[in-house]
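For reference, the chains in residue letters:
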Amino acid sequence: MFYSTKRQQFLVDQGYAFKVITNLVPDGQTELLYSTQRDQLDLLREVLTAASSAEVAAEDAAETEEVRTAIGAGVGMAGGSVVSRKRTSISALSGGDTLSYAEVSRAAATKAQQQQQRHGVFKQIDKARKQQRGA
């Protein structure tokens with residue numbers, strides 16, 4: 001019973017109130033409606049039989065049709081499939097199938113290309129540094 005007292009204390013700490021029920025049969029009622037195991041099994045059998053009846057199947061079909069018309073898929077469902085399937089890769093689904101990654105070495109780029117890409121101000125600074133080194 002250590003667990004139950006620990007659980008009760010946890011509930012109290014969390015702000016819950018609880019009541020321990022010692023008698024499940026209400027006062028004034030001596031016998032429950034389905035008190036025997038046979039009565040309980042009969043009730044279970046009735047529920048399972050009702051679940052498989054044609055009435056439930058008809059209700060399911062009506063609900064399915066309501067859902068189809070509500071989402072707008074009722075038109076194409078009778079004649080053919082609205083859903084199409086195709087085999088593809090994850091990269092195609094994410095849009096990465098047309099992208100490619102090419103690794104380029106910086107050393108392979110020529111100095112002339114680097115000079116063309118630089119701004120004129122930086123070219124002037126480089127020119128001034130070269131003059132200072134040479135002088």
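In what follows, the structure referred to is the one given above.
What you see is a predicted model; the values in this text were computed from it and never measured. (Residues numbered from 1 in each chain as written. Predicted model: local features only at pLDDT ≥ 70, side-chain atom pairs only at ≥ 80, totals over all residues. Heavy atoms only, no water.)

## Points about the overall build of the protein chain
Argument step 1. Helices and strands together make up the secondary structure of the protein chain, namely seven helices and zero strands.
Argument step 2. Reading the helices (α) and strands (β) of the protein chain from amino to carboxyl end gives α-α-α-α-α-α-α.
Argument step 3. For the protein chain, the exposed surface amounts to about 13200 Å²; the carbon and sulfur share of it is 55%. (Helix = DSSP H or I, 4+ residues; strand = E, 2+ residues; numbered from the N terminus. Areas by Shrake-Rupley, 256 points an atom, 1.4 Å probe, with all protein chains shown as cover.)

## A word on a negative patch on the surface
Argument step 1. Side chains of Glu-55, Glu-59, Asp-60, Glu-63, Glu-65 and Glu-66 sit close together on the surface and give a patch of like negative charge.
Argument step 2. By secondary structure assignment, the location of Glu-59 is in helix α3 (residues 54-71). (Patch = residues over 30% accessible without salt bridge, like charges linked within 9 Å, V, L, I, M, F, W, Y side chains within 5 Å. Salt bridge = Lys/Arg side-chain N within 4 Å of Asp/Glu carboxyl O. Lys, Arg positive; Asp, Glu negative; His and termini not counted. Charge placed at Lys NZ, Arg CZ, Asp CG, Glu CD.)

## A look at helix α1 (residues 2-13)
Argument step 1. Here α1 contains 12 residues, and its C-alpha end-to-end distance of 17 Å stays within 8% of the 16 Å for a straight helix at 1.5 Å per residue.
Argument step 2. Backbone geometry just after α1 places Gly-15 at a positive phi near 100 degrees. (Expected span 1.5 Å × (residues − 1).)

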